[in-house]
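Each chain, written out:
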Amino acid sequence: RLLALQDEKNAPFMAKLVPTLPPESVLGVRMPDCRSLARELCREPDIGLFLADLPHRYLAENNLHALILNEEKDYAAAVAALDAFLPYVDNWATCDGLRPKALGRYLHKTAEKALGWMKSDHTYTVRYGIGTLMNFFLGEYYAPEYPEAVVAVKSNEYYINMMRAWYFATALIGHYDDIVKILETGRLDTFTHNKTISKARESYRITPEKKEYLKTLRK
């Protein structure tokens, strides 16, 4: 089914977006087509056979897997499926596309899972844990220990530190006082610190005055 949706003209463009993957693993399947297929397949009684067939060969397979998991409504099933899949996630696009609706149902458990994922040795499991904190815990359920946990992540991996910067830049919008103290005290590595400031300065939700101050904090 995915091969039938292959778009050879789109494949080179997609391959450039995920440079960590071999180009031959990128079919160029467009996400709207992948979403339509996921909605159809998640109703199939034997879809578990596909989900268990790991690792996948193509980026489109991994994206399809993520989109199917996003439809899972049972919390325990969603977490079990994530724990089975995350060790095989090999690119940022699949990682960031994983947003099972069920995770929002038991946020105290989700926070514990996110903090646990952040302690993994696998790049995209750590990235996913940080992304989960960003997606669910920067609003009503924010707590100061969450940014502290992201500070504590020490890595030389580009795709981990880019997510850390994205997290802090987003956190600055609603929790400026907490996050700016982290920047003022220089507790982040230079790449994450400066990338946080760059991303924050691109935001329309941070005032010009704050942006100018953040600029003075660059390392």
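What you see is a predicted model, and the numbers here were worked out from it, not measured in a lab. (Residues numbered from 1 in each chain as written. Predicted model: local features only at pLDDT ≥ 70, side-chain atom pairs only at ≥ 80, totals over all residues. Heavy atoms only, no water.)

(A) Representation of the packing of aromatic side chains. Within the structure shown, the criterion is met by eight aromatic pairs. Relative to Tyr-106, the ring of Tyr-75 has its centre 5.2 Å away and its plane inclined at 75°; by these criteria the two rings are edge-to-face. Here Tyr-75 is found in helix H5 (residues 75-85), whereas its partner Tyr-106 is found in the loop between helix H6 (92-97) and helix H7 (107-117), with 31 residues between them in sequence. Residue class for Tyr-75 comes out buried when judged on its relative accessible area of 10%. Ring geometry for Phe-136 against Phe-137: centres 6.4 Å apart, planes inclined by 55°, an arrangement best described as tilted. Exposure remark for Phe-137: the relative accessible area of 2% places this residue in the buried category. Among the aromatic residues, those joined into a ring-pair cluster are Tyr-124, Tyr-158, Tyr-159 and Phe-191. Between Lys-109 and the ring centre of Tyr-106, over which it is positioned, the NZ or CZ distance is 5.1 Å. (Phe/Tyr/Trp six-rings, centres within 6.5 Å; stacked < 30°, edge-to-face > 60°. Helix = DSSP H or I, 4+ residues; strand = E, 2+ residues; numbered from the N terminus. Buried < 20%, exposed > 50% of the residue type's maximum accessible area, 1.4 Å probe, protein only. Lys NZ or Arg CZ within 6 Å of the ring centre and 35° of its normal.)

(B) Fine view of empty space enclosed by the protein. Under the criterion given, the structure shown has one cavity of 30 Å³ or more. Taken as a whole, the largest cavity encloses approximately 50 Å³ of empty space. Surrounding the largest cavity, Met-14, Val-26, Leu-27, Gly-28, Val-29, Met-31, Cys-34, Leu-59, Ala-60 and Asn-63 form its lining. In terms of residues, the lining of the largest cavity owes the most to one element, helix H4 (residues 59-70), which gives three residues. (1 Å grid on protein atoms, 1.4 Å probe; cavity = no way out; pocket = protein on both sides within 12 Å on 5 of 7 lines; lining within 4 Å. Points joined across faces, edges and corners; volume = space filled by probe spheres on them.)

(C) The pattern of salt bridges, seen in detail. Inspection of the entire model under this criterion finds eight salt bridges. For Glu-40, the salt bridge is made with Arg-1, and the minimal N-O distance between the two is 3.0 Å. In this pair, Glu-40 sits in helix H2 (residues 31-41) while Arg-1 sits in the segment before helix H1 (11-17), placing the two residues 39 residues apart along the sequence. Overall, Glu-40 belongs to the partly exposed group, its relative accessible area being 32%. Note that Glu-148 is salt-bridged to Arg-187, the shortest N-O span being 2.7 Å. Residue Glu-148 is found in helix H9 (residues 145-151), and its partner Arg-187 is found in the loop between helix H11 (176-184) and helix H12 (190-201); the two are separated by 39 residues along the sequence. (Salt bridge = Lys/Arg side-chain N within 4 Å of Asp/Glu carboxyl O.)

(D) A look at H12. Here H12 is twelve residues long and its end C-alpha atoms lie 17 Å apart, about the 16 Å a rise of 1.5 Å per residue gives. When we look at burial in H12, the residues that qualify are Thr-192, His-193, Asn-194, Thr-196, Ile-197 and Ala-200. At its buried positions, H12 is contacted by helix H10 (158-174), H11 and helix H13 (208-216). (Expected span 1.5 Å × (residues − 1). Contact = heavy atoms within 4.5 Å.)

(E) Here's a closer look at the layout of surface pockets. Each pocket or cavity is described by its volume, and for the largest pocket that value is around 200 Å³. Those elements that place two or more of their residues in the lining of the largest pocket are H1, H2, H4 and H6. Each residue belonging to the lining of the largest pocket can be placed in one class, and the counts come to nine nonpolar, three polar and one charged. Each pocket or cavity is described by its volume, and for the second largest pocket that value is around 170 Å³. Together, Trp-92, Asp-96, Arg-127, Tyr-158, Tyr-159, Met-162, Met-163, Trp-166 and Lys-199 line the second largest pocket. Those elements that provide at least two residues to the lining of the second largest pocket are H6 and H10. At five residues, H10 tops the list of elements feeding residues into the lining of the second largest pocket. Its residues assigned to classes, the lining of the second largest pocket comprises six nonpolar, no polar and three charged. (Nonpolar A, V, L, I, M, F, W, Y, C, P; charged D, E, K, R; others polar.)

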